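# Structural description and commentary
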Amino acid sequence: MHRVRVIDSHTEGEPTRIVLSGGPDLGTGPLLARRDRFRRDFDSFRRALVNEPRGSEVMVGGLLVPPVDPSAVTGVIFFNNVGYLGMCGHGTIGLIASLAHAGRLSTGPHQIETPVGTVRAELHTDGAVSVRNVESRCYQKGVVLTVAGYGPVSGDVAWGGNWFFLVNEPPVQVIRENIGRLMDFTKAVQAALASAAWTGDDGGAIDHVEVSGPAEGPADSRNFVLCPGGMYDRSPCGTGTSAKLAALHARGRLRPGQIWRQQGILGGIFEGVVEGRRDGVVPTITGRAFVTAESELILDDRDPYRNGFPL
């Protein structure tokens, strides 16, 4: 039997599972190369950790690894039910809350290394966490897709640590009661992106779709984000909020230092601000995470579903 020690949390509703010990040894070298090694040689571990019967389709995992950057307290590789992420905003907030719960770090700023770069995360005395993300940018504005069942749909292509298509005027109202309809619409947009062979400026897949509408209460907008694997983000989505801020800045609707409050489909809120850059922005996202469990997962070689249910 193989034992894996984890801490579970949720960030504004979106779950994160951090692997403290028992994960695969990915060796040394850049985190991007180690992420590729994880995918190539140890994908069964990913499936075992986040898929049923131990996880769920919405869970995001984070494997702690030794950092290359000497200023970083840890490296982390995030993954979900179908693959691997470059960066995860809600997951980084959950990571900081989990490490604080485990007594591994205290309040103040900390550097976290990810496959797409080192980010700065600060644990505040009130328990909130601010993540200064990687530089984000709006690659294309006003891209028009022909979406089956909906007709022409306009949106922006932006990077916030993952690639997003940000729908400008969604035909479905962004409210909790419409989650099923929003799922259908964003999946249709995702299919249209694939059919049109749209990618980011680095050739990366545009694998997240984000729609926004009026918020409830003290927020600037409310979003719904479809993630890779066909699940929606319960939180306002950290990388999605970063991409949104980059697009707003590119359209002249957000000034450096101006606070943007992004509400998720369940009502949770991230606060975001940006620093201007020549080719984009550096966003800082603030939110809260709460630890929900400390546990030891058991991977039994006799178990036919040791590596998760086949999907």
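Read on for a plain summary of the structure. Owing to the predicted nature of the structure, the values given are computational and were not obtained by experimental measurement. (Residues numbered from 1 in each chain as written. Predicted model: local features only at pLDDT ≥ 70, side-chain atom pairs only at ≥ 80, totals over all residues. Heavy atoms only, no water.)

## Some points on the environment of Phe-78
Note on placement: Phe-78 falls in strand E4 (residues 72-79). Once the C-alpha coordinates of Phe-78 and Leu-297 are considered, the two residues, 219 residues apart in sequence, prove to be 18 Å apart. Setting aside chain neighbours within four positions, we find Phe-78 in contact with Val-60, Gly-61, Gly-62, Tyr-84, Leu-85, Met-87, Cys-88, Gly-91 and Thr-92. (Helix = DSSP H or I, 4+ residues; strand = E, 2+ residues; numbered from the N terminus. Contact = heavy atoms within 4.5 Å.)

## Some details on the nonpolar core
Leu-145, Phe-165, Val-189 and Phe-224 are the most contacted members of the largest nonpolar core, which has 59 residues in total. Looking at which element gives the most residues to this core, the answer is helix H4 (residues 179-195), with eight residues. One finds Phe-45, Val-50, Met-59 and Leu-63 within the second-largest nonpolar core, a separate group that totals 18 residues. (Core = buried A, V, L, I, M, F, W, Y, C linked by side-chain atoms within 4.5 Å. Buried < 20%, exposed > 50% of the residue type's maximum accessible area, 1.4 Å probe, protein only.)

## A few points about the pattern of salt bridges
Evaluation of the coordinates by the stated rule reveals 18 salt bridges. The closest approach of N and O atoms between Asp-43 and Arg-46, which form a salt bridge, is 2.7 Å. Placement of both Asp-43 and Arg-46 in helix H2 (residues 43-50) is noted, with a separation of three residues, approximately one turn of the helix. On the basis of relative accessible area, Asp-43 is assigned to the partly exposed category, the value being 22%. Salt bridges sharing common partners tie together Asp-43, Arg-46 and Arg-47. (Salt bridge = Lys/Arg side-chain N within 4 Å of Asp/Glu carboxyl O.)

## Some details on the layout of surface pockets
There is about 290 Å³ of room inside the largest pocket. Lining of the largest pocket is provided by 20 residues; of these, Arg-35, Gly-86, Trp-159, Asn-162 and Asp-207 occupy positions nearest its centre. Looking at the lining of the largest pocket, the elements that each hand over two or more residues are helix H1 (31-41) and strand E5 (84-85). Here the lining of the largest pocket gets three residues from one element, more than from any other, and that element is H1. (1 Å grid on protein atoms, 1.4 Å probe; cavity = no way out; pocket = protein on both sides within 12 Å on 5 of 7 lines; lining within 4 Å. Points joined across faces, edges and corners; volume = space filled by probe spheres on them.)

## Description of the packing of aromatic side chains
Throughout the structure, instances matching the rule amount to nine aromatic pairs. When the ring of Tyr-139 is compared with that of Trp-163, the centres are 6.0 Å apart and the planes differ by 65°; the resulting orientation is edge-to-face. Taken as a pair, Tyr-139 in strand E9 (residues 137-147) and Trp-163 in strand E11 (residues 163-167) lie far apart in primary sequence, 24 residues in all. Here Trp-163 falls in the buried class, since its relative accessible area comes to 3%. Each ring, one from Trp-159 and one from Trp-163, has its centre 5.5 Å from the other, and the planes form 55°; the classification is tilted. Given the relative accessible area of 12%, Trp-159 is considered buried. Taken together, the ring pairs connect Phe-38, Phe-45, Phe-79 and Tyr-84 into an aromatic cluster. (Phe/Tyr/Trp six-rings, centres within 6.5 Å; stacked < 30°, edge-to-face > 60°.)

## Quick look at the state of the cysteines
One covalent bond between the sulfur atoms of two cysteine residues makes up a disulfide. For the structure shown, the criterion picks out zero disulfides. Here Cys-88 stays unpaired: no disulfide links it, and the sulfur of Cys-237, its closest cysteine neighbor, is 7.3 Å away. Between Cys-227, a free cysteine, and Cys-237, which holds the nearest cysteine sulfur, the sulfur-to-sulfur gap is 5.5 Å. A residue is classified by how much of its surface remains accessible, and Cys-227, at 13% relative accessible area, is buried. (Disulfide = S-S within 2.5 Å.)

## Focus on empty space enclosed by the protein
One pass over the structure, following the stated rule, counts two cavities of 30 Å³ or more. Estimates place the volume of the largest cavity at around 180 Å³. In this structure, the largest cavity is lined by 22 residues; those nearest its centre are Glu-14, Val-60, Leu-85, Cys-227 and Asp-233. Counting residues per element, the ones that place at least two in the lining of the largest cavity are helix H3 (89-101) and helix H5 (238-250). When its residues are assigned to classes, the lining of the largest cavity shows eleven nonpolar, eight polar and three charged. (Nonpolar A, V, L, I, M, F, W, Y, C, P; charged D, E, K, R; others polar.)

## Concerning the packing of H1 against H2
Close contact between H1 and H2 brings their axes to 5 Å; oriented N to C, the two are set at 85°. Between H1 and H2, the crossing angle belongs to the class labelled roughly perpendicular. Touching Phe-38, Arg-39 and Asp-41 of H1 are Asp-43, Phe-45 and Arg-46, all from H2. A per-class count over the contact of H1 with H2 returns two nonpolar, no polar and four charged. (Axes fitted to C-alpha atoms, helices over the stretch in contact; angles between N-to-C directions. Parallel < 35°, antiparallel > 145°, perpendicular 65-115°, else oblique.)

## Focus on the pairing of strand E15 (residues 269-276)
The two faces of the sheet receive side chains in turn, since in a regular strand these alternate between them. One ladder, built from four bridges, connects strand E14 (residues 260-263) with E15; its direction is antiparallel. Note on E15: the bridge partner recorded for Gln-262 is Phe-270. Hairpin remark: E14 followed by E15, antiparallel, with five residues in the connecting loop; positive phi at Gly-267, about 110°. Following E15, the chain reverses through four residues before pairing antiparallel with strand E16 (residues 281-287). (Pairing = 2+ DSSP bridges.)

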